[in-house]
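Here is what each chain is made of, one letter per residue.
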Amino acid sequence: MENYYNITSFLTLQNLQLPVETAVATFLLATLSYLVILFCNLSLILTVVLNKTLHQPMYLLLINLPINDLLGSSAFYPQVIKELLLDTRRMNYAACIAQAFCVHTYAVGAVLILTVMAYDRYVAICCPLKYNSIMTHSHIMKLIVTIWVFNFMLVSVLFILLLRLPRCRSLITHSYCDNPTLLRLVCADKSVNNIYGLFTVAIVQVISHAVIVYTYLRILLACFRGNRADARSKAMQTCATHLAVFLVMECMGLFTITYLNLCIQANPQWRQSFDFNQFEDNQEPLQVNQRQLYTNVLDQGKGRLVFLVTLLPCWGVSVGELSAAPLQQYDKRKTIAEKLSLMKSHTSLREVGFLQIKTLNPEWNKVFTFPIKDIHDVVELTVLDENGDKSPNVLGKVAIPLLSVQNGQKICRLLKKESLGRAAKGSITLELEVIYNPVLAQNIYRVRKITTAVLYTLQYIKSCFQWESRQRSLIAFLCHGRGGGGGGGGHLGP
């Protein structure tokens, strides 16, 4: 397959998919929001700068929040407002990188600034007599320089790793640029980027949560030990405001991570994986390398099919004579049981069990064996009647839940139509045996239930951005715009 690297210096942005009447209202609302953000943040900065009585440690730290907020909102809002007004859906790649850099810088900076402010509150409440000697102007400047340098270093390395990779796509699957959407344009190994992204997320989150949990526990203890009710109330009010802002930032970060990684798909795409087993008695070799990519272009404008074929070794797939049933042989049965034992759970994560099916009536004298990936699956057997050179006729079908199998017991099932609805003519007698790892099997079932619940939640979140309800979508759009940058710290990586 041909690779097309760096196909254009311009990127195509995802359409906002807004009706005309809704786009105008959203444009006015987004513009008003941005103007309010600029006014409030600039007013706060000028108030602290011009009022010398506010040149104190707490306000010197506080002024970093509006500066950081201006950086994040100016990176996000102008681009979105321009798209709402002009609907160009085009953006220069360099401008996209700059926007993504500012968004991530804003995100990490917000978390780090709030963390340092928690430390300031801790010193002020728990060590009031030493506050002025600890939080000197030089110490405050060191803290501010440290968080900004640390912030720029983390984000800079993230984008240096991104820019080294070749780009072969140009569609941004989001309304603005950030690291996850830019990584989707890359057609190369992104393992290093993903690992570093997860590492930076872990570092920022562990540091911030550790500092805030420790300082707030100490503040709570100090407040409840104190005798002055007014001082306790003032301290709790100050800390509650700070904690509320931090929790809002974290919730927005979680929301953005969830939406970006699980709700947005490029182009759009339909992805499905299939397993095909090659039996040992098939002498025709597969014309496939160990890992090979195939692309089949459909009719003009209809898209394309991309297949990634991977050959993997597997065990337990066979069709043999009835007399050579593996579970009837002591040595083979012992080997299979040991492979699926609790002690060997770490070696058989792909397969949680082993299934053997013996056909007794009709007398085909065949035994089929398969590895089991989910013990809650249902085995479907289709009985075919060969018809010479023509396609075989389907005589019927049966479905047997694996959990209903009792080892060694003969079962007779009436054949049903292909839809498993109405009954067909005839029956089939089978003997099934199942060996499985109970720990792996149960955990897979639980993960699937949790995943289903999460996906239902994500479908609701996704509907907010598809304008199924205008009121809900407008609120979600503005909240995502205000908190989307805040979420950037959470999705530094994949």
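Residues numbered from 1 in each chain as written. Predicted model: local features only at pLDDT ≥ 70, side-chain atom pairs only at ≥ 80, totals over all residues. Heavy atoms only, no water.

**Let's talk about the overall build of the chain**
Here is the rule: Elements are defined by DSSP. Helices are runs of H or I of four residues or more, strands are runs of E of two residues or more, and each kind is numbered from the N terminus. Two residues form a contact once any of their heavy atoms are found within 4.5 Å. Per-residue accessibility takes into account occlusion by the displayed protein chains alone, with areas from the Shrake-Rupley method and a 1.4 Å probe.
When helices and strands are counted, the chain shows 12 helices and 12 strands. Long-range pairs, those at least 24 residues apart, make up 67% of the contacts in the chain with a sequence separation of at least 6. Surface exposure of the chain reaches about 28800 Å², of which carbon and sulfur atoms provide 61%.

**A look at the nonpolar core**
For the record, the criterion: Residues enter a nonpolar core if they are buried and are Ala, Val, Leu, Ile, Met, Phe, Trp, Tyr or Cys, with the set joined through side-chain atoms within 4.5 Å. When a residue's accessible area, from a 1.4 Å probe over protein chains only, is under 20% of the maximum for its type it is buried; when over 50% it is exposed; and in between it is partly exposed.
Grouped together as the largest cluster of nonpolar side chains are 46 residues, with contacts concentrated most on Leu11, Cys96, Phe159, Leu162, Ile172 and Leu182. Looking at this core, the elements that each hand over two or more residues are strand S1 (10-13), helix H2 (57-62), helix H4 (93-126), helix H6 (137-163), helix H7 (179-183) and helix H8 (191-225). No other element matches the 14 residues that H4 contributes to this core. Excluding anything up to four places from it in sequence, Cys96 contacts Leu11, Met91, Ile172, Cys177 and Leu182. Formed by 19 residues, the second largest nonpolar core is a distinct cluster that contains Val352, Ile372, Ile428 and Leu432.

**Focus: unusual backbone geometry**
Here the amide bond leading from Asn361 into Pro362 is cis, since omega sits at 0°, within 30 degrees of zero. Along the chain, Pro362 turns up in the loop between strand S7 (353-361) and strand S8 (366-372).

**Quick look at the environment of Val49**
Take Val49: it is sitting in helix H1 (residues 20-50). Given the relative accessible area of 44%, Val49 is considered partly exposed. For the pair Val49 and Leu60, spaced 11 residues apart in the sequence, the C-alpha separation amounts to 9.1 Å. In this structure, Val49 is in contact with His55 and Ile63, ignoring residues within four places of it in sequence.

**A closer look at the state of the cysteines**
Rule in force here: By convention in this document, the label disulfide applies to cysteine sulfur atom pairs within 2.5 Å.
In this structure the tally under the stated criterion is one disulfide. Take Cys126: it sits in no disulfide, and the sulfur closest to it among the cysteines is that of Cys127, at 6.1 Å.

**A look at the packing of aromatic side chains**
The criterion, for reference: Ring geometry is summarised as follows: Phe, Tyr and Trp rings, the Trp one being its six-membered ring, pair when their centres sit within 6.5 Å, and such pairs are stacked at plane angles under 30 degrees, edge-to-face over 60 and tilted between the two. As a reminder, the over-ring test applies to NZ of lysine and CZ of arginine, requiring each to be within 6 Å of the ring centre and within 35 degrees of the ring normal.
Throughout the structure, instances matching the rule amount to seven aromatic pairs. With a centroid separation of 5.8 Å and an interplanar angle of 20°, the aromatic rings of Tyr34 and Tyr77 are classed as stacked. Placement of Tyr34 in helix H1 and of Tyr77 in helix H3 (residues 64-86) is noted, with a sequence separation of 43 residues between them. On the basis of relative accessible area, Tyr34 is assigned to the buried category, the value being 14%. Clustering of aromatic rings is evident, with ring pairs tying together Phe101, Trp148, Phe152 and Phe159. The residue whose ring lies beneath Arg167 is Tyr93, and the NZ or CZ to ring-centre distance is 4.1 Å.

**Section: H6**
Along an α-helix, a turn takes 3.6 residues, which lines up residues three or four apart on a common side. Let me state the cut-off plainly: Multiplying 1.5 Å by the helix residue count minus one yields the expected span of that helix.
In a regular helix each residue adds 1.5 Å, so 27 residues correspond to 39 Å; H6 covers 39 Å between its end C-alpha atoms and thus fits that length. Packing partners of the buried residues in H6 comprise H2, H3, H4, H7 and H8.

**Topic: a nonpolar patch on the surface**
Heads up, the rule is: Think of a patch as exposed residues, more than 30% relative accessible area, with no salt bridge, where like charges cluster within 9 Å and nonpolar side chains (Val, Leu, Ile, Met, Phe, Trp, Tyr) cluster within 5 Å. When a carboxyl oxygen of Asp or Glu is within 4 Å of a side-chain nitrogen of Lys or Arg, the pair counts as a salt bridge.
A surface patch of nonpolar side chains, amounting to about 400 Å² of accessible area, comprises Val213, Leu217, Leu220 and Phe224. Residue position: Leu220 is located in helix H8. For Leu220, a relative accessible area of 33% gives the class partly exposed.

**A word on the pattern of salt bridges**
Applying the stated criterion across every chain yields a total of five salt bridges. For Glu433, the salt bridge is made with Arg333, and the minimal N-O distance between the two is 3.0 Å. Taken together, the positions of Glu433 in strand S12 (residues 423-436) and Arg333 in helix H10 (residues 330-339) put the pair 100 residues apart, joining distant regions of the chain. For Arg333, a relative accessible area of 29% corresponds to the partly exposed category. Among the salt bridges present, the one from Lys397 reaches Glu380, with a minimum N-O distance of 3.3 Å. With Lys397 in strand S10 (residues 390-401) and Glu380 in strand S9 (residues 378-387), this pair connects stretches of sequence that are 17 residues apart. Under the relative-accessibility criterion, Glu380 is labelled partly exposed at 47%.

**Points about the pairing of S1**
Condition: When DSSP finds two or more bridges between a pair of strands, those strands are recorded as paired.
Of the two faces of S1, the one lined by Leu11 and Leu13 is fully buried and the one lined by Phe10 and Thr12 carries no buried residue. Where S1 meets strand S2 (residues 90-92), three bridges bridge the pair, whose relative direction is antiparallel. For Thr12, the partnering residue across the bridge sits in S2 and is Arg90. As defined by bridge partners, S1 adjoins strand S3 (residues 171-172) across two bridges and the pair is classed as parallel. In the sheet register, Thr12 faces S3, and the bridge partner there is Leu171.

**Some details on the packing of H4 against H8**
Rule in force here: Simply put, an axis is a line fit to the C-alpha atoms, just over the touching stretch for a helix, and the angle between two N-to-C directions goes from 0 to 180 degrees. Any angle between 65 and 115 degrees counts as roughly perpendicular, while under 35 counts as roughly parallel, over 145 as roughly antiparallel, and the rest as oblique. Take the far helix as the reference: if the near one is turned anticlockwise from it by less than a right angle, the crossing is left-handed, and if turned clockwise, right-handed. Residue classes follow a fixed rule: Ala, Val, Leu, Ile, Met, Phe, Trp, Tyr, Cys and Pro count as nonpolar, while Asp, Glu, Lys and Arg count as charged, and any other residue, Gly among them, counts as polar.
Running from N to C, H4 and H8 cross one another at 25°; their axes reach a closest spacing of 9 Å. By the angle between their axes, H4 is roughly parallel relative to H8. Crossing angle aside, the handedness with which H4 passes H8 is left-handed. Between H4 and H8, the contacting residues are Val108, Val111, Thr115, Ala118, Tyr119, Arg121, Tyr122, Ile125 and Cys126 on the first element and Val204, Ile207, Ser208, Val211, Ile212, Tyr214, Thr215, Tyr216, Arg218, Ile219, Ala222 and Cys223 on the second. Along the lines of polarity and charge, the residues of the contact of H4 with H8 split into 16 nonpolar, three polar and two charged.

**A closer look at the environment of Gly408**
Structurally, Gly408 can be placed in the loop between S10 and strand S11 (410-416). Considering only alpha carbons, one finds Gly408 and Leu430, 22 residues apart in sequence, at a separation of 9.7 Å.

**Some details on the sheet that holds S3**
If you walk across this open sheet you meet the three strands as S2-S1-S3, and the pairing is mixed. With one partner strand each, in any of the chains shown, S2 and S3 form the two edges of the open sheet. On the sheet, H3 packs against S1 and S2 and is oriented at approximately 145° with respect to S2. Packing against the sheet, H4 makes contact with S1, S2 and S3, and its axis sits at approximately 80° to S2.

No statement about biological role is implied by the geometric values presented.
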